[in-house]
Amino acid sequence: MSPLCDCCGEHINSLNQQISVMRKETKNLRHMLDSAVRAHRKHMIAIQSAVAKIGLRGPDKDQTPPPPPPPPQSALEQGNIQTVPIGYISSCFSVKNGTPRQPTICGPSRAELRIQQSVFNNPEHALVGLEQYSHVWIIFLFHKNGHLNFKAKVKPPRLNGQRVGVYSTRSPHRPNALGLTLARLDQIVGDTIHLSDIDMIAGTPVLDIKPYIPDYDSPGSRLDSEHYDLTTEQPKATTVSQNETTDITNLHKDSETDARSDQKRKMNDDSGSLLSRDESDTDVPVTDSSQSVGAQIPLHKDLHNLLDEVKAYVTQSDLCQQSCASEVQVSDSPKTKPAEATVDHPCYGEEAYSTIAGWIRAPPVGSLEVRFTPQAERELADFLPTHLSGPSGGDRPRFKFLRSPEEAAAAIRGVLSADPRSVYRRTRCRDRLFFFTLDSADITCWFGQGFAEVLQVRAVEQHTASL
């Protein structure tokens, strides 16, 4: 057998390489086909299981079409509604970090809410009359909750890790991510509401606005309004009819007459000298019934005092409740407030009428002392308030909502004194630095034992440019 030439050997090697490639491609195709068969079989099993669950294994000639979706009115009756934001908050807090958990924590915090024209053709018409109120309820959405995770028990930061039911807190992680804030209404300009004392971040969708009315919303005001006339701000008088007054007066007179008759019959059984002396005394005309009864009938002194008290009670005009826990006391002064008045339902006092959890006022986590470094004070003083306009400030940073550096310092103290850190960062994280944004300023601080110290206050634009 003669050896192969070089060209034939190269041709054979090329054919062997092509055959090897074809075998690999065939093997890959078989693997892909097997995977497709398994996936197809898996999908068929899932479809058969789904069909078996709804009882539609075969075609049913008598099958009725699915019912149409309920009308909007029925959906509303079932509690299914589609919310439409009436506006979005423009706030001095741009991120979640450092935003107060309650509106009272940071009083100088400010925000604006503009009513969208897609809700009302004339948004300013919906705000007519709202300027007469000092505070408003803001109902909004917690739109930064992430994946909408919620649990039956939560760990409020003020409880330092202790668990309580979610409905006993104001945690944003709830089945329906609705928030409620009582904000101060500063002014209304056209279709825009200017607010303060807020705890909402920029971009928060607002669902509704309601005026705050203490007479309806405050339990203490409810308690007072039951006994005071809200129109005249005077105590409600207990009205007593003329017939009732006449009956009480006649009862008083009849009691005096019966007492004198009993006393006279008793004296008739005594000696003649006593009888003549008593009869001569009883013939004297009586000018003051109270004095005569007190002098002649000592046995009925308690009855006489009781009748006088009853008479004074029914004739006085200004009656109101003095204390629901004290006993009934009646005085001769017409301005005295008796402890019991005619109301429709019992009253138990303001303390028993409105109660809150003890950890709200006395939490395990105390407030912190807030300090400023000299550098932070200088940087904060360099900010211009929002009402100053024009090129007078040059390149100095400017606030958008806060009115002065002093107001910004008060807002920073309010945020940090309430310890805005989470329980994890407070107890387990070794990093003591904390960053948050207030209006147009980035705040850098650190936490020590019982205090928080502000290290740096820089404008947001400068801080972003330096990164």
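Our subject is the structure that appears above.
Residues numbered from 1 in each chain as written. Predicted model: local features only at pLDDT ≥ 70, side-chain atom pairs only at ≥ 80, totals over all residues. Heavy atoms only, no water.

Some thoughts on the pattern of salt bridges
Oppositely charged side chains can pair when the atoms bearing their charge come close. Here is the rule: For salt bridges, the criterion is a side-chain nitrogen of Lys or Arg within 4 Å of an Asp or Glu carboxyl oxygen. Burial classification: accessible surface area is computed with a 1.4 Å probe over protein chains only, and a residue below 20% of its type maximum counts as buried, one above 50% as exposed, and the rest as partly exposed.
All told, the structure shown has nine salt bridges when counted by the stated rule. Between Asp 208 and Lys 210 there is a salt bridge, and its shortest N-O distance comes to 3.1 Å. By relative accessible area, Asp 208 is classed as partly exposed at 28%. Take Lys 210: its relative accessible area is 40%, and that puts it in the partly exposed class. Salt bridges sharing partners connect three or more residues here, namely Arg 110, Asp 186 and Glu 407.

Looking at unusual backbone geometry
As a rule of thumb, non-glycine residues mostly have phi less than zero, and peptide bonds are mostly trans rather than cis. Filter applied, for reference: Segments assigned H or I by DSSP are reported as helices when at least four residues long, segments assigned E as strands when at least two residues long, and all are numbered from the N terminus.
Of note in the backbone geometry, Asp 197 takes a positive phi value of approximately 55 degrees without being a glycine. If you trace the backbone, Asp 197 turns up in the loop between β7 (192-196) and β8 (205-211). Residues other than glycine seldom take positive phi values, yet Asp 439 does so here, at roughly 60 degrees. Along the chain, Asp 439 turns up in the loop between β12 (433-438) and β13 (441-447). Among the residues examined, Asp 439 registers a relative accessible area of 8% and is labelled buried.

So, the packing of aromatic side chains
Note the cut-off: Any two rings among Phe, Tyr and Trp, with Trp reduced to its six-membered ring, count as a pair given centres within 6.5 Å; such a pair is stacked if its planes are under 30 degrees apart, edge-to-face if over 60, and tilted if neither. Charge-over-ring contacts are defined here by two conditions on Lys NZ or Arg CZ: a distance within 6 Å of the ring centre and an angle within 35 degrees of the ring normal.
For the structure on display, the rule yields six aromatic pairs. Relative to Phe 142, the ring of Phe 140 has its centre 5.1 Å away and its plane inclined at 75 degrees; by these criteria the two rings are edge-to-face. For Phe 142, a relative accessible area of 22% gives the class partly exposed. The interplanar angle of 80 degrees and the centroid separation of 5.7 Å between the aromatic rings of Phe 434 and Phe 447 together place this pair among those described as edge-to-face. Within this pair, whereas Phe 434 is found in strand β12, its partner Phe 447 is found in strand β13, the two being separated by 13 residues in sequence. Each member of the pair, Phe 434 together with Phe 447, is buried. Connected via pairs of aromatic rings, a cluster forms that spans Phe 434, Phe 436 and Phe 447. Here Arg 371 stacks its cationic end above the ring of Phe 451, 3.9 Å away from the centre of that ring. Stacked on the ring of Phe 447, the Lys or Arg Arg 421 has its end atom at 4.0 Å from the ring centre.

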